[in-house]
Amino acid sequence: MIKIAILGYGTIGSGVVEVLRTNQESIAKRAGSEIEVKYILDLRDFPGDPMEGKVVHDYDIIANDPEVQVVVEAMGGVEPAYSFVKRALLAGKSVATSNKALVAKHGAELIAIAKEQSINFLFEASVGGGIPIIRPLNSSLTADEIQEITGILNGTTNYMLSKMTFEGLEFQDVLKDAQSRGYAEADPTADIEGYDACRKIAILTSLVCGQQVDFEEIYTEGITKITATDIKYAKAMGRVIKLLATSCKTPEGYCAMVAPFMLSQQHPLYSVNDVFNAIFVHGNVLGDAMFYGSGAGKLPTASAVVADIVDIAKHLHKNILISWSSRKMELVDSKRAKSRFFVRTRNGADTITAAFGEVEWIEAPGVTGEMGFLTGEMVQEEYEKRAEGLQNVLQMIRVV
Ligand code: HSE
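Each value, and the rule that gives it
Residues numbered from 1 in each chain as written. Predicted model: local features only at pLDDT ≥ 70, side-chain atom pairs only at ≥ 80, totals over all residues. Heavy atoms only, no water. Core = buried A, V, L, I, M, F, W, Y, C linked by side-chain atoms within 4.5 Å. Buried < 20%, exposed > 50% of the residue type's maximum accessible area, 1.4 Å probe, protein only. Contact = heavy atoms within 4.5 Å. Phe/Tyr/Trp six-rings, centres within 6.5 Å; stacked < 30°, edge-to-face > 60°. Helix = DSSP H or I, 4+ residues; strand = E, 2+ residues; numbered from the N terminus. Near = heavy atom within 4 Å. Polar contact = N/O pair within 3.5 Å; in protein donor to acceptor, adjacent residues only side chain to side chain. Areas by Shrake-Rupley, 256 points an atom, 1.4 Å probe, with all protein chains shown as cover. Nonpolar A, V, L, I, M, F, W, Y, C, P; charged D, E, K, R; others polar. Pairing = 2+ DSSP bridges.

**Points about the nonpolar core**
Then, in step 1: Among the nonpolar cores identified, the biggest contains 118 residues, and I4, V16, I62, F121, F123 and L204 are the most heavily contacted of them.
Then, in step 2: Those residues in contact with F123 that lie beyond four places of it in its chain are T97, V103, I111, I134, I203, L207, D308, I322 and W324.
Then, in step 3: I152, V240, C255 and F261 belong to the second largest nonpolar core, which has 13 residues in total.

**Focus on the packing of aromatic side chains**
Then, in step 1: Counted according to the given criterion, the structure contains 10 aromatic pairs.
Then, in step 2: When the ring of Y233 is compared with that of F342, the centres are 5.1 Å apart and the planes differ by 50 degrees; the resulting orientation is tilted. Of this pair, Y233 sits in helix α11 (residues 228–236) while F342 sits in strand β13 (residues 338–345); the two residues are 109 residues apart in sequence, bridging distant segments of the chain.
Then, in step 3: The class of Y233 is buried, set by a relative accessible area of 2%.
Then, in step 4: With a centroid separation of 5.1 Å and 10 degrees between ring planes, the pair formed by F276 and Y292 is classed as stacked. With a gap of 16 residues between them, F276 in strand β11 (residues 276–283) and Y292 in strand β12 (residues 287–294) connect regions that are remote in the sequence.
Then, in step 5: Under the relative-accessibility criterion, F276 is labelled partly exposed at 29%.
Then, in step 6: With relative accessibility at 47%, the residue Y292 sits in the partly exposed group.
Then, in step 7: A network of ring pairs unites the aromatic residues F341, F356, W361, F373 and Y383 as a single cluster.

**Quick look at the site of the ligand**
Then, in step 1: Every residue lining the ligand is accounted for by K100, N154, G155, T156, Y183, A184, E185, D191, D196, K200, G295 and A296.
Then, in step 2: Between the ligand and T156 there is a distance of 2.6 Å, counted from an oxygen atom to a side-chain nitrogen or oxygen.
Then, in step 3: Within the side chain of D191, a nitrogen or oxygen atom sits 2.7 Å from a nitrogen atom of the ligand.
Then, in step 4: The protein chains hide 91% of the 250 Å² of surface that the ligand would expose on its own.
Then, in step 5: Elements that contribute at least two residues to the shell around the ligand include exactly α7 (155–167) and α10 (195–209).
Then, in step 6: Considering only residue class, the shell around the ligand consists of 3 nonpolar, 4 polar and 5 charged.

**Here's the deal with the environment of H317**
Then, in step 1: Secondary-structure assignment places H317 in the loop between α12 (298–314) and β13.
Then, in step 2: For H317, a relative accessible area of 65% translates into the label exposed.
Then, in step 3: For H317 and R21, which are 296 residues apart along the polypeptide, the C-alpha to C-alpha distance reads 25 Å.

**Points about unusual backbone geometry**
Then, in step 1: Here the amide bond leading from E79 into P80 is cis, since omega sits at 5 degrees, within 30 degrees of zero.
Then, in step 2: The phi dihedral of S118 falls on the positive side, at around 55 degrees, and the residue is not glycine.
Then, in step 3: Position of S118 relative to the elements: it lies in the loop between α5 (100–116) and β6 (121–122).
Then, in step 4: Within the chain, D274 stands out as a residue other than glycine whose phi angle is a positive 60 degrees.
Then, in step 5: By relative accessible area, D274 is classed as partly exposed at 35%.

**With respect to the pairing of β12**
Then, in step 1: Of the pairings in the sheet, the one linking β11 to β12 comprises 8 bridges and is antiparallel in character. Counterpart to F276 in the pairing with β12 is S294.
Then, in step 2: Between the end of β11 and the start of β12, which pair antiparallel, lie 3 residues.

**Observations regarding the pairing of strand β15 (residues 371–374)**
Then, in step 1: Pairing geometry for β13 and β15, over 4 bridges, is antiparallel. Opposite T345, over in β15, you have M371 as the bridge partner.
Then, in step 2: Here strand β14 (residues 360–362) pairs with β15 via 3 bridges, running antiparallel. Residue I362 lies in a different strand from β15, and its bridge partner there is G372.

**Some points on the environment of V19**
Then, in step 1: Mapped onto the elements of the fold, V19 is located in helix α1 (residues 11–22).
Then, in step 2: The exposure class assigned to V19 is buried, which follows from its relative accessible area of 12%.
Then, in step 3: Remark: the alpha-carbon pair of V19 and S334, spanning 315 residues in sequence, is separated by 41 Å.
Then, in step 4: With residues near it in sequence (within four places) discarded, V19 still touches I27, L299, A302, S303 and V306.

Written out as structure tokens, the structure reads:
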């Protein structure tokens, strides 16, 4: 019997309890042992809940109980999650977490502590919800030099952009709907401004390069400025707008960014809609691979957390090596990234061609009083320099 404690009885914490109950027998077989929830830490009480009797309000009870071998952190946010997780690891308890903010900020340190203690700190659910991507990067794809990871890593914004595309709605109209479905973070700013996707690509890039990638240094642009008019232009070009989190290995080093992109029908992420996430990986010997599934939501995320608990149960006193040192990886300036650029402006054709040379003109049905055009491929630095020749840029979206 392996006894676990769950920190936080919100969406993910209660999902973990549900998954453990639903698949109790098969999970026990795969883990080689029964898994029992001994405590749930939460500030609230849950009268009438079947787990009511397991709820505690004092973390000391969990940290000081030698019977607890695994701590599941499902609180979110950096503190007090970081202090609780660190204390659990130092007390010899393995940890499974879904908390990308914690992993992006303190992953390297917590991985190192787990290694010293011959236990495990696992975080499959922190990126891509229920999609296996951390374990593949850490085991199945270790023969490769990963040259590119590009993902739709935020379910809320993908749901919103899909709804804007299919129903022609404006940004504000779709945000509330996404929140009511439980996809969004407590403060949806993290979703719509791209901060959530930024932490996730920081984690993936750290795993790929084996060093600390600071999320604060990743250029991040959200979807708050995307309008129904932009979507009309995208449709006129046979494209869709997606919030991509991308990281590429260039001869100068790793270059990462989060931003809305217009994707062609040939792009592997073109058809990833609604709350689904997908991660495209290119390895130097593997070639292309795609991971697709539910990127947010209670049970998919809990499924990944429980899979980590099973892995921990299978490696109780043995550390699963994760290559992610605290040595900082300096990223290449995202202005060096190459793409085409879609631009909307109130400037005339002469001013536009004087600034950019030959461009592809785009017309969107029903849109008047502005010009839309697509540049050739160039680095962002060059785009910015040329765009100085325009006075009225209404929108710029990268195109791949
Ligand atoms: N708010 C996040 C999303 C939850 O929408 O993807 C999963 O990390």
